[in-house]
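# Coordinate analysis (summary)
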Amino acid sequence: MNKDLTVGNPRKVLRNFCLPLFGSIIFQQIYNIADSLIAGKFIGENALAAVGNSYEITLIFIAFAFGCNIGSSVVVAELFGSKKYGEVKTAVRTAMISSGILCLTLMLIGILGSNALMDMIHTPENIYADSELYLDIYIWGLPFVFFYNIATGIFSALGDSKTPFWFLVASSSSNIFVDILFVKVLHMGVAGVAWATFLCQGVSCILSMIVICKRLSKLAPEVKGEPFSTFLLKKIARVAIPSILQQSFISIGNILIQRVINGFGSGVIAGYSAAIKLNNLVITSFTTLANGISNFTAQNIGANKLHRIKEGFRAGLRMVWILSLPLALLYLFAGRYLVMFFMDQPSNLALKTGIQILQIFSPFYFVVSAKLVADGILRGSGRMIQFMIATFTDLSLRVILAFILSKTGLQELGIWCAWPIGWGIACLISVHYYHAQKWGEKGNEKDYAEVSF
């Protein structure tokens, strides 16, 4: 059901809108984690390392899908908030066509260049074949990844966070069963893990696209809209390109970090693969809530209700900090059991590495979550330069410090210490940029009309 985020108590509106988004990403991460868990439990430590190694490369493709999601979502939310329903339909069609072309281009690059990507990160020989196999299958499923991301972005823009939640509940649950079937029963190895993800993403994509088409046909049926708009494509690109660059550079940064990690052997790779999956569960959850705050911000800018954005920031901060507390405590004190959950008979090095990473990262979830809430508002209001500065500061510090500190006596411990430093400094920048804006002050509406859309 479409929902107007510009009316009602901002705290309650944002909570009701964002909680299903949080649930959605939890289920999405569950089947991402299932890939690693089943690989580690039923195939072996090298399989876990192979899936984790390939995962860092797949994040490049996900970065483009995520950017298309955010670009279309923010623009459609602004148009929906201003009740321009014909332009809403045009924006959706424009996003679908342009994203499809981009997806095909990336598939071609991935098919021709997967070996080069594997070599670039110095993939160890003992996991090379499995990593390559997983990546090849993943690339053929890219259309499902792209169009599903577009669909979820449009649902969110229309104020509907519950429909994608139910899709993901079904998809993630079935993914686990298919993973087990392919790997444990049919003994398909790493290929079974990849094909299970491929099939479940495909089902979710097709169903979500059907529902989106029906939803748009019922939205002001007397208004048809245009099949494509260059003007709206530019609007989408204005948000999408910085978001793609953000996620791409993060992915490239992670690949560079993965290259450093790969120098310490498959034991460290396996421990990192398990821990980073658990960490990504948290960070992706916070990012998804921040995306919801972007939609809230965009709709209220479209409705010229800027005063509600401050209340949205406070409500968003309260939500992520409430979530940070139990997650930080869980990872801090139960990290051993969570890491062991991924591996049947972990080596001492793999177990030590995974525990160490979680103990270093988890206390700083309060910091990175505050950054992501501020980023959500900056992005939803079209403040993309400020958003990019904070993001690139975080990434640059993490990559540079990972290289430098790993060469000292800290060894791999230095790599893990780079994360909190990058998060902390970038958080100060993002929050500063948020507070520098005059949200809802008289005479400021024109400024946002020009800066945002």
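A short tour of the structure in this document, coming up. (Residues numbered from 1 in each chain as written. Predicted model: local features only at pLDDT ≥ 70, side-chain atom pairs only at ≥ 80, totals over all residues. Heavy atoms only, no water.)

## Examining the overall build of the protein
The helix and strand tally for the protein stands at 15 helices and zero strands. In terms of principal-axis extent, the alpha carbons of the protein reach across some 60 × 40 × 35 Å. Within the span of the protein, comprising 453 residues, buried residues form 61% of the whole. Sequence separation of at least 24 residues holds for 85% of the intrachain contacts in the protein that already meet a minimum separation of 6. Accessible surface, the protein: about 17500 Å² in total, of which carbon and sulfur atoms supply 68%. Across the protein, the centroid of the 35 positively charged side chains sits 11 Å from that of the 24 negatively charged ones. (Helix = DSSP H or I, 4+ residues; strand = E, 2+ residues; numbered from the N terminus. Buried < 20%, exposed > 50% of the residue type's maximum accessible area, 1.4 Å probe, protein only. Contact = heavy atoms within 4.5 Å. Areas by Shrake-Rupley, 256 points an atom, 1.4 Å probe, with all protein chains shown as cover. Lys, Arg positive; Asp, Glu negative; His and termini not counted. Charge placed at Lys NZ, Arg CZ, Asp CG, Glu CD.)

## What about the packing of helix α3 (residues 85-120) against helix α4 (residues 125-140)?
Across the interface, α3 lies against α4 with an axial gap of 10 Å and an inter-helix angle of 165 degrees. Judged by the inter-axis angle, α3 sits roughly antiparallel to α4. In the packing of α3 onto α4, the handedness of the crossing is right-handed. Contacts from M107, G110, I111, S114, N115, M118 and D119 of α3 reach α4 at Y128, S131, E132, L135, D136, I139 and W140. Residue classes in the contact of α3 with α4 are distributed as seven nonpolar, four polar and three charged. (Axes fitted to C-alpha atoms, helices over the stretch in contact; angles between N-to-C directions. Parallel < 35°, antiparallel > 145°, perpendicular 65-115°, else oblique. Left-handed = near helix turned anticlockwise from the far one by under 90°. Nonpolar A, V, L, I, M, F, W, Y, C, P; charged D, E, K, R; others polar.)

## Structural notes on empty space enclosed by the protein
Enumeration according to the criterion identifies two cavities of 30 Å³ or more in this entry. Quantified by volume, the second largest cavity comes out at close to 30 Å³. Surrounding the second largest cavity, Y138, G141, A194, T197, F198 and Q201 form its lining. With four residues, the top contributor of residues to the lining of the second largest cavity is helix α7 (residues 190-218). (1 Å grid on protein atoms, 1.4 Å probe; cavity = no way out; pocket = protein on both sides within 12 Å on 5 of 7 lines; lining within 4 Å. Points joined across faces, edges and corners; volume = space filled by probe spheres on them.)

## Structural notes on a nonpolar patch on the surface
Taken together, I241, L245, F249, I252, L256, I400, F403 and I404 make up a surface patch of nonpolar side chains, about 650 Å² in accessible area. The element that contributes the greatest number of residues to the nonpolar patch is helix α8 (residues 230-262), accounting for five residues. Along the chain, the position of L256 falls in helix α8. (Patch = residues over 30% accessible without salt bridge, like charges linked within 9 Å, V, L, I, M, F, W, Y side chains within 5 Å. Salt bridge = Lys/Arg side-chain N within 4 Å of Asp/Glu carboxyl O.)

## Quick look at the packing of helix α11 (residues 348-361) against helix α14 (residues 412-436)
What describes two packed helices is the angle between their axes and the distance between those same axes. Interaxial distance between α11 and α14 falls to 9 Å at its minimum, and their mutual angle equals 20 degrees. Between α11 and α14, the interaxial angle falls into the category roughly parallel. The interaxial crossing formed by α11 with α14 has right-handed handedness. Contact residues: L349, T353, Q356, I357, I360 and F361 in α11; E412, L413, W416, C417, W419, P420 and W423 in α14. Of the residues in the contact of α11 with α14, the class split is 10 nonpolar, two polar and one charged.

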